[in-house]
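Structural features, examined
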Amino acid sequence: MKLIEARNQKGFTQEQVSRAINVSLKHYQNIEHGLSAPTVNIALHICEILDVDPREIEEWRDRRKAEEI
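Residues numbered from 1 in each chain as written. Predicted model: local features only at pLDDT ≥ 70, side-chain atom pairs only at ≥ 80, totals over all residues. Heavy atoms only, no water.

Notes on the pattern of salt bridges
- If you walk through the whole model with that rule in mind, you get five salt bridges.
- The salt bridge involving Arg19 is made with Glu15; its shortest N-O contact spans 2.7 Å. Here Glu15 and Arg19 lie together in helix α2 (residues 14–21), a separation of four residues that amounts to about one turn.
- With relative accessibility at 63%, the residue Arg19 sits in the exposed group.
- Here Arg61 makes a salt bridge to Glu56, at a shortest N to O gap of 3.9 Å.
- Overall, the relative accessible area of 41% leaves Glu56 in the partly exposed class. (Salt bridge = Lys/Arg side-chain N within 4 Å of Asp/Glu carboxyl O. Helix = DSSP H or I, 4+ residues; strand = E, 2+ residues; numbered from the N terminus. Buried < 20%, exposed > 50% of the residue type's maximum accessible area, 1.4 Å probe, protein only.)

As far as function goes, none of this settles anything; it's purely spatial.
Shown next as structure tokens:
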């Protein structure tokens, strides 16, 4: 699931989520668009607000090939 989909399912705006997790709107937008990675604490807080499992967010999945692990 994409972060934007999870947010839209909850009916939140980007601004509402950014305020709830105490980051700037621009920083949250960068996280949502995959331009920057959140800290673990911020990622968990986002998932708590959006009621999603962090392992389900496509932007945060490990993209390494299985044989590299």
